[in-house]
Amino acid sequence: MATPVTHYLRTSKMPHIWCPGCGHGIVLGAVLRAIDSNGLDKDKVCVVSGIGCASRAPGYLDFNTLHTTHGRAIAFATGIKMAKPELKVIVLTGDGDAAAIGGNHLIHAARRNIGITTVCFNNSIYGMTSGQYSPMTPTGSLASTAPYGNIEEPFDLCDLVYAAGASYVARGTAYHALLLSKLIARAIATEGFSFVEAITQCPTYYGRRNKLRSAVDMLKWQKEHAVSVAAASKMSAEELAGKFRIGELGVRTRQEYCRRYAGLMETAQKEEAERDA
Amino acid sequence: MLSSAGARLMQGNEACAEGAIAAGLRFFAGYPITPSTEIAEELALLLPKVGGKFIQMEDEIASISAIIGASLAGAKSMTATSGPGFSLKQEGIGFASYTEVPCVIVNVQRVGPSTGVPTAPAQGDVMQARWGTHGDHPIVVLCPSSVAETFSLIIEAFNISERWRIPVVFLMDEVIAHMREKVVVPEASAIRIVERPRPQVAPDEYLPYAAGEDLVPAIADFGSGYRYHVTGLTHDETGFPTTKASEVDALARRLDAKMRRAAPHVTFVDEFLVNDAEVAVFAYGVTARAAAKAVRDARAQGLKAGLVKARTLWPFPEEHVRKVAERVRAIVVPEMNMGQLVLEVERSSAGRAEVVGLSRVDAEPITPDEILAKLREV
């Protein structure tokens, strides 16, 4: 029997700051169900975030929680994980936080394969500063800093992180909430660096400028544009144009960074002992 | 190999690394930059031997962020850099200051601004160390003037940071960092180590930012059963964000008062021939070495000169300077910058003595002769 998510919430800190229709609550619920299905001890979970709408999530969670500077959550998390590898360290971040200002930390954490799980709440916009374009805003979309339409192209964040070396990479959406929870649960169970892109909706700052006025419109958009990994493998490039894949996009086994460091410590201490002998 | 107790020939950067380990350093994150690099190199070698962790991060911002994270998980933490890297760390230093996370930031200064002269000495980061980050914030800045002092003072840096939950900037200069001198390494048992205040109450009674009489709240390590929230947003005693005017005000004032409370315990000043002096030099870092020679030379020529050597630059030892200013005719302040700390000496003297700056900004150290000439002039 699953524990109710309220067990993991600081309900006294509610109501939350997210706008009506925002998908972040659905993603957060998926995170909590994933933590629950992994049977983690609350005292051994550490949730870290940067700045932005998604990054306010840890304040509502009954774990060791740290709300840091913009873009740096993974770097703070790296220090926590190295100092106490027995902690389960989870980073909750937004697309601006993770892919723009924090892009460097994201790819290097993946390269090191340090045992941190990162969930990127991707709503394709800067919500907290009211609707400027992000590195994940689709080309042609309108934003307050893209009044003539965005001329930049977004990252494929999952491809980027997997190419950088992560052990586990997956994508889900707020619409496919149960799948999302499963993907996050597997990410948390992974020993190395794991990354889940959670596509979520911002009707307030993205939708209303881009003919997706309501949360329902945006959830429908997610449903219509998501293609499962299995289905995508049978589709042509033309059929896949304008769609995105959901599910497990990359899984590999690599030694985790803190484990490697433990090996290094052992070698160094052995050398020192031999020198003293 | 870690130094055993006894006399050793050590480089300044090496003394910084070894002193830090002696103080209990167990986590270092850094990004290489001249002239601080040997600190990272030394710690990459030594930390794993004592069960500590070293990581070379992808940049300076990642490094300061990682040491704050590690400190919250209970490890005594440090990073080391030089001017340009120090600038990049400023947002993180502000975060550590506001969230009261103990950590030590070493800045081996080089000529600036910008990339400047990477391999030459300067003392241009005195004001950056104090005011580099945004907002009013407490900070302690220590500055060694010999290799032996580097070893002992970095231990104080950790003790102060842990005791008062204030980030400590360890402001070195290139000459001290790269020179080699004798250091007498004490027995481990003779080194005074201070631990951070930890909660004495049960987890459900713990208020992470409720301070006792000394204005320092107790800090619980992440993972130790105290689940609490840390944020760089203005927070109340519970650690959660607040925008309530009275609480915003209370936090700023407590941090300021905490710094004032700490000041007498963190202010280190050495005097040399000041008692009967008619003129004095106020100096720090390598410049204090030249000043000591200048003072001796002045005495040999019949001019009663003295030296006030600051090992603490911030909080500025204003009381100390005021007392000296009451006794002497003039204070000379030689600095390898256009005149940064001279302004504080002037402020503290408040007209009691003439204050004269002496700048050298050509990437060369100030010589004893230059200081002597100025002493004879005032």
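Worth saying up front: this structure is predicted, and the values here are computed from it rather than measured.

**Description of the sheet that holds strand E9 (residues 229-231) of chain B**
- Sheet architecture is open: 9 strands sit in the order E7(A)-E8(A)-E5(A)-E6(A)-E4(A)-E3(A)-E1(A)-E2(A)-E9(B), paired in mixed fashion. The two strands at the open ends of the sheet, each matched to only one other strand, are strand E7 (226-228) of chain A together with E9 of chain B. Strand-to-strand twist across the sheet, computed as the mean angle between neighbouring axes with direction ignored, equals 20 degrees.
- Where strand E2 (residues 64-67) of chain A lies against E9(B), 3 bridges are found, and the strand directions are parallel.

**Looking at the packing of helix H1 (residues 24-37) of chain A against helix H6 (residues 177-189) of chain A**
All names here are of chain A.
- Interhelical geometry of H1 versus H6 gives an angle of 50 degrees and a closest axis separation of 8 Å. It follows from the interaxial angle that H1 and H6 lie oblique. Considering how the two elements wind past one another, H1 and H6 form a crossing that is right-handed. Here Ile26, Val27, Ala30, Val31, Arg33, Ala34, Ile35 and Ser37 of H1 lie close against H6, whose contacting residues are Ala177, Leu180, Ser181, Ile184, Ala185 and Ile188.
- In terms of residue class, the contact of H1 with H6 is built from 11 nonpolar, 2 polar and 1 charged.

**Looking at the nonpolar core**
- Formed by 161 residues in total, the largest nonpolar core has its most connected members in A:Phe193, B:Met78, B:Val106, B:Ile154 and B:Phe282.
- Examining the composition of this core, we find that 9 residues originate from one element, helix H6 (residues 147-164) of chain B, more than from any other.
- The contact partners of B:Ile154, leaving out residues within four places of it in the chain, are B:Ala15, B:Cys16, B:Gly19, B:Ala20, B:Met78, B:Val104, B:Val106, B:Glu149 and B:Phe170.
- Ranked by size, the runner-up nonpolar core spans 33 residues in total, among them A:Val31, A:Ile184, A:Ala185 and A:Ala187.

**Some remarks on the packing of aromatic side chains**
- The final tally for this structure, using the stated rule, is 10 aromatic pairs over all chains.
- Aromatic side chains B:Phe28 and B:Phe54 sit 5.8 Å apart centroid to centroid with 5 degrees between the ring planes, which places their arrangement in the stacked category. Of this pair, B:Phe28 sits in strand E2 (residues 27-30) while B:Phe54 is found in strand E3 (residues 53-56), placing the two residues 26 residues apart along the sequence.
- Judged by its relative accessible area of 13%, B:Phe54 falls in the buried class.
- Joined through ring pairs, the aromatic side chains of B:Tyr206, B:Phe222, B:Tyr226 and B:Tyr228 make up one cluster.
- In this structure, A:Arg252 packs its charged tip against the face of A:Tyr162, placed 3.8 Å from the ring centre.
- Over the aromatic face of B:Trp164 sits the side chain of B:Arg163, whose NZ or CZ is 4.2 Å from the ring centroid.

What counts, and where the lines are drawn
Residues numbered from 1 in each chain as written. Chains lettered and ligands numbered in written order. Predicted model: local features only at pLDDT ≥ 70, side-chain atom pairs only at ≥ 80, totals over all residues. Heavy atoms only, no water. Pairing = 2+ DSSP bridges. Helix = DSSP H or I, 4+ residues; strand = E, 2+ residues; numbered from the N terminus. Axes fitted to C-alpha atoms, helices over the stretch in contact; angles between N-to-C directions. Parallel < 35°, antiparallel > 145°, perpendicular 65-115°, else oblique. Left-handed = near helix turned anticlockwise from the far one by under 90°. Contact = heavy atoms within 4.5 Å. Nonpolar A, V, L, I, M, F, W, Y, C, P; charged D, E, K, R; others polar. Core = buried A, V, L, I, M, F, W, Y, C linked by side-chain atoms within 4.5 Å. Buried < 20%, exposed > 50% of the residue type's maximum accessible area, 1.4 Å probe, protein only. Phe/Tyr/Trp six-rings, centres within 6.5 Å; stacked < 30°, edge-to-face > 60°. Lys NZ or Arg CZ within 6 Å of the ring centre and 35° of its normal.

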